[in-house]
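# Inside the fold
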Amino acid sequence: MTDSIFAKIIKKQIPADIVYEDDLCLAFRDMNPQAPVHVLLVPKKPLDMLTSAQEEDQTLLGHLLLAAGTIARQLKIDGAFRLVINNGEESGQSVFHVHLHILAGRPFRWPPG
Ligand code: 5GP
C-alpha cells in the first residue's frame, strides 16, 4: 500500500507546520485553512478511516481527544473550537488516513454544511 500524504508528513518526508507531537499522534496546520485556526490531528498508526478502527484502537482514539484538548489549550482556543472527522468520501473525506480537524477563530453554524 502506498503512503498517504499524512503518512509522509508523519515520517517527515514532506514538510508541515507542526504544532504538536507525541508518541501516538502528530498535529499540523491545514494547508487550506477553513478557519483562522485549522489544525489536523492524525494518529501515527495508519488507519484509513474511523470505521476501520478496532477494539484495540480504543486507547489511541481516546488519546486523540485528549491531545485535541491539549492542543486547544496550547493554541489558546480552548474556549471555543470545533472538532470534525470526515469518514468516507461522501462526508468530505479526501485523505484516507484518520484525522481530526480542529477549527477555531470564527463563528460556526449548526447544522454544518
Ligand atoms: P478531509 O477532506 O480528508 O477531511 O481533510 C483533508 C484535509 O487535509 C484538507 O482540509 C486539506 O486541506 C488537508 N491537506 C491535504 N493535503 C495536505 C498537505 O499536504 N499538507 C497539509 N498541511 N494539509 C493537507
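Residues numbered from 1 in each chain as written. Predicted model: local features only at pLDDT ≥ 70, side-chain atom pairs only at ≥ 80, totals over all residues. Heavy atoms only, no water.

On to the sheet that holds strand β5 (residues 100-104). Whenever strands of a sheet pair, they do so through backbone hydrogen bonds, lying parallel or antiparallel. The five strands lie next to each other as β1-β2-β3-β5-β4, forming an open sheet whose pairing is antiparallel. Pairing within the sheet leaves two strands with one partner each, and these edge strands are β1 (18-21) and β4 (82-84). For this sheet the average axis-to-axis angle between neighbouring strands, irrespective of direction, equals 20°. Sheet topology note: the β1/strand β2 (residues 25-29) ladder contains three bridges and is antiparallel. Bridge pairing links Y20 to A27 in β2. Strands in contact with helix α2 (residues 58-74) are β1, β2, β3 (37-43), β4 and β5; relative to β3, the strand with the most contacts, it is inclined by about 150°. (Pairing = 2+ DSSP bridges. Helix = DSSP H or I, 4+ residues; strand = E, 2+ residues; numbered from the N terminus. Axes fitted to C-alpha atoms, helices over the stretch in contact; angles between N-to-C directions. Contact = heavy atoms within 4.5 Å.)

Next up on the list: the pattern of salt bridges. Inspection of the entire model under this criterion finds six salt bridges. Here D17 makes a salt bridge to R29, at a shortest N to O gap of 3.5 Å. Of this pair, D17 sits in the loop between α1 (5-10) and β1 while R29 sits in strand β2; the two residues are twelve residues apart in sequence, bridging distant segments of the chain. For D17, a relative accessible area of 45% gives the class partly exposed. On the basis of relative accessibility, which here comes to 35%, the residue R29 falls in the partly exposed class. (Salt bridge = Lys/Arg side-chain N within 4 Å of Asp/Glu carboxyl O. Buried < 20%, exposed > 50% of the residue type's maximum accessible area, 1.4 Å probe, protein only.)

Spatially, the C-alpha atoms of R29 and I18 are 6.6 Å apart, while their sequence positions differ by eleven residues. When near neighbours in sequence (up to four residues on either side) are disregarded, R29 contacts D17, V19, V37, H38, V39 and L75.

So, about α2. With 17 residues, α2 should cover 24 Å at 1.5 Å per step; its first-to-last C-alpha distance of 24 Å lies within 8% of that length. Every buried residue belonging to α2 is among L60, L64, A67, A68, G69, I71 and A72, and all of these are buried. Here the buried face of α2 lies against β1, β2, β3, β4 and β5. Immediately beyond the C-terminal end of α2, within one or two residues, lies K76, with a positive phi of roughly 60°. (Expected span 1.5 Å × (residues − 1).)

What follows covers the pairing of β5. Burial within β5 is extensive, with five of its five residues counted as buried. Pairing between β3 and β5: five bridges, direction antiparallel. Note that in β5 the partner of L41 across the bridge is L100. Here β4 runs beside β5; their pairing, made up of three bridges, is antiparallel. By the bridge assignment, R82 is partnered in β5 with L103.

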